[in-house]
Every structure is written in structure tokens, then in C-alpha cells.
Amino acid sequence: MPGWRGTILRIDLTAEKITKQPLDRLVARNFIGGRGFNSLTLFKEVKPGSDPLSPENVLCLAPGALTGTSLALSSRIEVSTLSPYSGILGDGNAGGDFPTFLKRAGYDQIVITGKAKNPAYLWIDDENVELLDASELRGKTTWETTDTLKKVHGKDVKVACIGQAGENMVRFATTMFDKHASAARGSGAVWGSKNLKAIAVRGTGKVELARPEDFKQLAKEDRQFFLKDKVQREVIAVYGSHIGMMHWKPGKRYFEKYLSGSEVPRALRPEAWKEYEIGRYACYGCPVGCKNTYRIPEGEYAGEINSALEFECIHCLGTNCGIEDPIAIMEMENLADKHGMCVIGLGNTIAFVKELYNRGIITRKDTGGLSLDWEDRDSQFELIRQIVSREGFGNLVAEGMYIFAKTTGRGAMDYCYHVKGLSRGPHPPGIFSLAHATSTRGADHLRGRIWASGENDQGLVREPVDREFMPDVHDDPVRALTIGERVAAIADAIGRCKGAVISWAATVPLIRRYPLLEGVGKLLTTATGFEFSGEQLEEVAERIYIIERAFNIRQGITRKHDRMPQRVELMGTFQGEEELKEHDRMLTEYYRMHGYDLKTGIPARERLESLGLKFVADELEAHGPYPDWDGAPLWSLEGNPHGRSVHELNL
């Protein structure tokens, strides 16, 4: 099956059964791969109201349709599940080597159900697939797990796994690939609930292409841009996402303010990070190498080496938590990676808890004596340790910011700047707020807002964008967002990185030669033998996005949840009310453009059927309306699994 490998690998952990299922050609044509395959599977197989940590939840991993080919920036994989962090669609996208090797092993998707009786890991050696005992891996970090499996199966093996945070079902636990790449939104806790520790893969096969020479020429042309473009070579390959500290306005002290470049502490600016850099790191086959490899020079973790310290960590665990010490930030990045936690979920929750503490809403009595003063790095380290092992105050913080606020009361929810449980901070009405409100995985920066050219790039990457297909975000933000959603969905389906410094050229192959998705269509046509036009791919993207919306509708999402968070001081004021009205107006226009019911936000039958999704319309009508979303299910903290103590874990 050219382009695809033609096989879905299904793992029933309860029955200890491994099945290889042929990839349906119509599914391949209509959903492409990666995020498309996973979102379709979740809608079909996860029942509404399921507990995310029950055996009935489904965990999906799918490389992109063009992963494993010579296309640059294409070693990507989508990890999707019903999120225990948000209670809605939870998917994360990661790079590294693992995605390419899984595709070369012969698999377009892994679908995991049930729960293993004992700790297990999945071993994939091309066609040979086994479930093996993981008892000896229990309690190991992601780094230790990766090293152990390489010793057992060979240095050429690639590993996806969880750390102790996943084992202890910390809500924002993540899946780690090749030690450094993270696929967030709570998937790690689902691995833990299923008693699944890791997947190790050796892939030696080849992705066959329908027209290999034509594909090779198109991929070569696309690659040349990254090899020759001045910004790619002199900025992105040198600094990676660190350049965002000067352009993307990181938050300070839980979004008390957003820092301009001149306000960012000098020790956290891009050039300053070069002091700790010992090399550059690239995902498989990537010509850019946007990630740094760094060594901690002093302190408790002196000499420790890691890769891929991103802007998000510096912002979320650093400035937004009141921490401006670069060594402390590197140490916390390493703790998050080793123990398998998303730095965004971890950092935003800690910043939120610190905000409540410094406002007097919670006190040392609540924290068990732990100080949460903004600059107190030692207490932040201790809190991270408690979160990982679910001990003391950290047991509640491990539930994430929404459940923490819901459980705490005392007005805490007023300061919980979230959309569907995830936070990107408060913003005025516009494409940022609308993108966060309508994202199918909660407040997010990689679903549609990424194309806010002129609003968030500050001249960093000024690319020629054809205004025939991409309107100015100020003139027509709803249409601009809709187009952004489409290209982001296709990038996640083909397995294309959106870039360290998100740009059109990174996310959309051949965008400088062909309008919008026409270049992607040519790549898919020469890879698969199916004819794909840009217009057809826009329809595929709409199909993916709307089925994700339908999945969330079944979890209780309606129009009221597509909200715009506001600072407490704006609530109830004239300005605040006017801003909410403007957001509401834009939301109505957005619904109209997508074919959603204007009052409820539910996709209309006519629109669903036009996309070939009659079964989705039937499902929503037969079983709705659904109970209102109010976060993921609550569990007894005493009932949550408690791992070894922080001392036993050697944190």
C-alpha cells in the first residue's frame, strides 16, 4: 500500500492479544494518518462518559502518512486518548527517532485497549510483536527505561515510555520518546492506568512510494529551503525556540504581565543559553537541528546532560513561576523529562498554585508547611518531587489546575485561566482567545493560533503569504483561524513538524511554490497513488477537526465551554463585558463558518453528511444531549496509586 504500510497494530492488554488489522483504504484516503487516524478511532471506540483511567479508554499512537520518507521535518507521531487531565480529547505530537522507526517496522497506527495484569511493555521487531514483562522497569525513570531496553534489545532500538509520574497517574503525565520528545495532554497517566510501561521498536523496512522519483524531487525541493534560508540557518538552527523569549512575550508570575524582549532577564535570553550548550540535536532526518544539547555546570545535578530545552519550559517553569535562575530551569526540565511530565501542564499548575498562595487563598496549612513564594526555587523543587510521587500537598497539585481549583474552592476558580481545563493565560478578544476557546484539546497554541502573522511573530519570520487564501488576522480573524486549523490538522496527519519557530514553510511543505495545501497534495499523490488536491485536503482537515469536536460534544462540551478567560479585575466591569460580547460575536461567526449549531456549538447534520460523517450525526442525535463537562472525573486522592517515596525514587 504505497505511502502507508497498510497495517494497524491492535493490542488488547487484558486478553494479552495482539492483532494485525489491514488499513482500510477509504479511511486512509479520508483521514490521511497521524492525528486523523487517532481521532477517528477515539470517536468510534471510546464511549461517552468513560473514565479516562479505566480499561475501556483507548490509547492510540500513529506516525504521519509521510513519516519514514525523505520529506524533511517528518519524523512525527500523534498520541491520542481521552485525557485524564481535561476529560476531553487529549492528543500530543512528538518527534525524535521513534516515529520513523515505527513506520519502518510496518505500522500506520497502534491501538491499545484494556489493562495488563502485571507491568508490561510492547516489543516490536519489524513483523515480530510481543508483550513482555516490565516488572524490572517499574519505578525507573524514562531515561533509565530507555537505556535498559537498549541494553536488552540493541542500541538501534527506539523507545517510547512513561516515568514515575505516569505510573502514579499524575494527570499531566506525558509520553516520552527517545528521552527528549514529549507528547502531552495526560497520555502518560493512561499508560500507567493500563500497566503499560514502554514500547520498544526496531524498524528496518522501507516505505514504498507510488512514484518514488517524483516524490524524491518534490522532497528535495522542500529540503533546500531549510538548507539555504537565512532565518532557518542563522536563527532557528542556532537558537531554536529560545528566540521566542524575545518575541513571544512569556508570562511573569502567573500572567501578572507578559514580558517584552527588553524585560526578559538577561540570563534567560537566547544568547545566554549558549553558555550551557554543548551541541545541537535534530529529530530523525531533520536538516535544521533546532534543539540544544546542554550540560548543567554546577549544583546537585552538575554534569547532567539533556536535550530539547524549549521556550515553553523557560516560560512555564521559569518566569511564569517567578524563577529566573537558568540552572534551576535546566534542572526542572530534566526532572520533568526523566519522570515523564509535560512542562506546560506542570508549570502552569505550579504557577497557579503559587498565585493562590501569594494571594492568601491557600496558606502553609494547606501546603503542609511548604513555602510557595515566587522566587523560592528550593520549594518549587520539593513540590515537583511531591507531585511525581503523589505525596503530601503534591498529591493534590498532581490533579492539575482545574481540579485543584474545583477541590479547593474559596474563589480559586476565578484565577484558573483555563479553557476546558488547559491554560494559555488570559488574552483580550481576538484570534488568540478564539483559537484557545475553540481548540479541540483545550487552550492551545498549535491548533490554529499559530498563523497569527502580524500579531505574534513581531517580524521574526516574515514570509510572503498569499492573501487570497490567508486574510489578515485583524481584518478577518475567524477565516484566518479556520485556515490555520486546516493546515495544522494536515501537518499532524502527514507527520510534519510545525517548526521550533512556527512558520508557514515548516508546517506546509512547498508553500513557497504552490498555494496553501497544493504542494502537500502533490507529495501525497506521488507517495500514495491517490490523487489529492489542495481543496480535497482542506476537506480532510475539516473532517478531522469536526470529528474531534463531535468527540468533545459527547464529553459534555457546548458553546458555553468555548470561553474566553478573564482576569479577576475585569470580571463584571464595562470593559470586561464588552470584551465578552466581542468574543461571543466572533464565536458565532466561527460556528457559522464551520457548520455548527449557533446556540449549542454542535456540528449540524448537513455539515457532517457533506463530509461523509453521517454515522457521527446519527450518534450525536441518538444519544445527546450529554451531561455538562466539568473537568475530568474526580477520584479519591487516597485511592490514587502512591509510588515509592521521593527518597526511594532518588529524586
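Residues numbered from 1 in each chain as written. Predicted model: local features only at pLDDT ≥ 70, side-chain atom pairs only at ≥ 80, totals over all residues. Heavy atoms only, no water.

**Q** Would you mind going over helix α2 (residues 35-45) with me for this structure?
**A** Counting along an α-helix, one turn takes 3.6 residues, and residues three or four places apart therefore face a common direction. Counting buried positions over the 11 residues of α2 gives 9, a clear majority of the element. Among the residues of α2, Arg35, Gly36, Phe37, Asn38, Ser39, Leu40, Thr41, Leu42 and Phe43 are the ones counted as buried. (Buried < 20%, exposed > 50% of the residue type's maximum accessible area, 1.4 Å probe, protein only. Helix = DSSP H or I, 4+ residues; strand = E, 2+ residues; numbered from the N terminus.)

**Q** Is there a simple way to explain the sheet that holds strand β5 (residues 89-94) in this structure?
**A** Paired through backbone hydrogen bonds, the strands of a sheet run either parallel or antiparallel to each other. What the 6 strands build is an open sheet, ordered β2-β1-β6-β3-β4-β5; its pairing is mixed. Strands with a single pairing partner mark the edges of an open sheet, and in this sheet they are β2 (17-22) and β5. Neighbouring strand axes in the sheet, compared pairwise and without regard to direction, differ in orientation by 15 degrees on average. Strand direction decides the pairing type here: strand β1 (residues 7-12) and strand β6 (residues 109-113), joined by 5 bridges, are parallel. In the strand pairing of β6, Asp12 is matched with Thr113. (Pairing = 2+ DSSP bridges. Axes fitted to C-alpha atoms, helices over the stretch in contact; angles between N-to-C directions.)

**Q** What is the right way to read the environment of Lys197 from this model?
**A** As for its placement among the helices and strands, Lys197 is situated in strand β12 (residues 196-202). Remark: the alpha-carbon pair of Lys197 and Ala105, spanning 92 residues in sequence, is separated by 20 Å. Excluding anything up to four places from it in sequence, Lys197 contacts Ala120, Ala134, Leu137, Lys140, Thr145, Ala160, Cys161, Ile162, Gly163, Glu167 and Trp191. A distance of 2.7 Å separates the side chain of Lys197 from the side chain of Glu167, its partner in a polar contact. (Contact = heavy atoms within 4.5 Å. Polar contact = N/O pair within 3.5 Å; in protein donor to acceptor, adjacent residues only side chain to side chain.)

**Q** Teacher, can you tell me more about the side chain of Asn93 here?
**A** When you line up the elements, Asn93 lands in strand β5. Here Arg76 takes part through its side chain, which lies 2.8 Å from a polar atom of the side chain of Asn93. In terms of polar contacts, Asn93 uses its side chain to reach the side chain of Glu78, at 2.7 Å. With residues near it in sequence (within four places) discarded, Asn93 still touches Arg76, Ile77, Glu78, Ser182, Ala183 and Asp492.

**Q** Explanation requested: the nonpolar core in the structure shown.
**A** Soluble globular proteins tend to pack their nonpolar side chains together in the buried interior. Counting 86 residues, the largest nonpolar core has Ile32 and Leu524 as the members making the most contacts within it. Take this core: its biggest share by element is 10 residues, from helix α21 (residues 534-554). Beyond its immediate chain neighbours, meaning those up to four positions away, Leu524 contacts Ile32, Ala65, Leu66, Ile494, Gly529, Phe530, Phe532 and Leu537. (Core = buried A, V, L, I, M, F, W, Y, C linked by side-chain atoms within 4.5 Å.)

**Q** Please explain unusual backbone geometry as it appears in this structure.
**A** Peptide bonds are, in most cases, trans, and in most cases residues other than glycine have a negative phi. Following Gly624, the chain continues to Pro625 via a peptide bond in cis, the omega torsion being -5 degrees. Even without being a glycine, Ile32 presents a positive backbone phi close to 70 degrees. Residue classification places Ile32 among the buried positions, given a relative accessible area of 1%.

**Q** Quick question: what am I supposed to make of the pattern of salt bridges here?
**A** Pairing between side chains becomes possible if they bear opposite charge and their charged atoms approach one another. Scanning all chains against the criterion turns up 50 salt bridges. Its salt-bridge partner being Lys420, residue Asp562 comes within 2.8 Å of it at the nearest N-O pair. Taken together, the positions of Asp562 in the loop between α21 and α22 (574-594) and Lys420 in the loop between α16 (401-408) and α17 (431-438) put the pair 142 residues apart, joining distant regions of the chain. Note that Glu589 and Arg585 form a salt bridge whose closest N and O atoms lie 3.4 Å from each other. With a gap of 4 residues between them, Glu589 and Arg585 both fall in helix α22, about one helical turn apart. By relative accessible area, which is 26% here, Glu589 ends up partly exposed. You can call Arg585 partly exposed: its relative accessible area is 43%. (Salt bridge = Lys/Arg side-chain N within 4 Å of Asp/Glu carboxyl O.)

**Q** Where do I start with the pairing of strand β16 (residues 291-295) in this structure?
**A** It is a general feature of regular strands that their side chains alternate between the two faces of the sheet. Extensive coverage of β16 is indicated by the burial of 4 of its 5 residues. Where strand β15 (residues 277-281) lies against β16, 4 bridges are found, and the strand directions are antiparallel. Looking at the pairing, Gly279 lines up with Thr293 of β16. The pairing of β16 with strand β17 (residues 305-307) spans 3 bridges and is antiparallel. Residue pairing across strands places Arg295 opposite Ile305, the latter belonging to β17.

**Q** Looking at this structure, how should I read the side chain of Asn552?
**A** Within the element layout of this structure, Asn552 appears in helix α21. Overall, the relative accessible area of 2% leaves Asn552 in the buried class. Not counting chain neighbours up to four residues away, the residues in contact with Asn552 comprise Ile88, Leu89, Thr440 and Ile557.

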